[in-house]
Amino acid sequence: MEIINMLALCPRQKQMCAQILTDALPQGWPTLAQAMETVKELDIPQNSILAITEGDDVIAWGGIMPDYDGHVFEIHPLVVRADKRGSGVGAMLITALENVARVRSGLTIMLGCDDETFATSLSGCDLYDGLPDKMERFDSGSHATGFYRRMGYTVIGVIPDANGKGKPDILMAKRL
């Protein structure tokens, strides 16, 4: 396995990135064309987009985008090919992206983690009523927030109904 800059990928590998994105997050990227457009949009110099390859195949990729004058970097997206999930590839990619953010003088790294599938304890309920108690009892369930929590990220907020009624965007961050 090798971690490389997305700028070094050939067109076929960028197509693999788009396929991984639509396979992993079909709610946000239901078509390969939409995923390919995102790959192209993210592939600009101010962003840092990394891919993990195995031979000539891309098995995971993700990026960070600077915000707040470079003090904060947002992870967007982070996806791992289905057959490689649970193998440590995602953790390897997160660590590499955090290191890039540190080199670029980032202080915080953050992400929004949509719960469109009612997987967490924050979905399917009225978050305008008793939010502090709900945040204190937060349960990731089978959601990706569990992975990020294991990587040291903390839930810092929530946007209720961001993806429809009862489907929040869960904001997470980590000090670098």
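Residues numbered from 1 in each chain as written. Predicted model: local features only at pLDDT ≥ 70, side-chain atom pairs only at ≥ 80, totals over all residues. Heavy atoms only, no water.

Draft legend 1. The arrangement of the sheet that holds strand 4 (residues 72-80) in detail. Reading across from one edge, 1-2-3-4-5-7-6 is the order of the seven strands in this open sheet, with mixed pairing throughout. Edge strands, defined here as strands with exactly one partner in the open sheet, are strand 1 (2-5) and strand 6 (154-159). Geometrically, the sheet is characterised by an average inter-axis angle of 25° between neighbouring strands, direction not taken into account. The pairing of strand 1 with strand 2 (residues 48-54) spans four bridges and is antiparallel. By the bridge assignment for strand 2, Asn-5 is matched with Leu-50. With respect to the sheet, helix 1 (residues 11-24) is in contact with strand 2, strand 3 (57-67) and strand 4, its orientation differing from that of strand 3 by roughly 80°. Packing of helix 2 (residues 32-42) onto the sheet brings it into contact with strand 2, strand 3 and strand 4, and relative to strand 3 it is tilted by some 55°. (Pairing = 2+ DSSP bridges. Helix = DSSP H or I, 4+ residues; strand = E, 2+ residues; numbered from the N terminus. Axes fitted to C-alpha atoms, helices over the stretch in contact; angles between N-to-C directions. Contact = heavy atoms within 4.5 Å.)

Draft legend 2. Quick look at the packing of aromatic side chains. Enumeration according to the criterion identifies two aromatic pairs in this entry. When the centroid spacing of 5.1 Å and the interplanar angle of 70° are considered together, the rings of Phe-147 and Tyr-148 count as edge-to-face. Owing to a relative accessible area of 7%, Tyr-148 belongs among the buried residues under this scheme. An angle of 75° between the planes, with centres 5.8 Å apart, marks the rings of Tyr-148 and Tyr-153 as edge-to-face. Just as Tyr-148 is buried, Tyr-153 falls in that class too. What links up through ring pairs into an aromatic cluster is the set Phe-147, Tyr-148 and Tyr-153. (Phe/Tyr/Trp six-rings, centres within 6.5 Å; stacked < 30°, edge-to-face > 60°. Buried < 20%, exposed > 50% of the residue type's maximum accessible area, 1.4 Å probe, protein only.)

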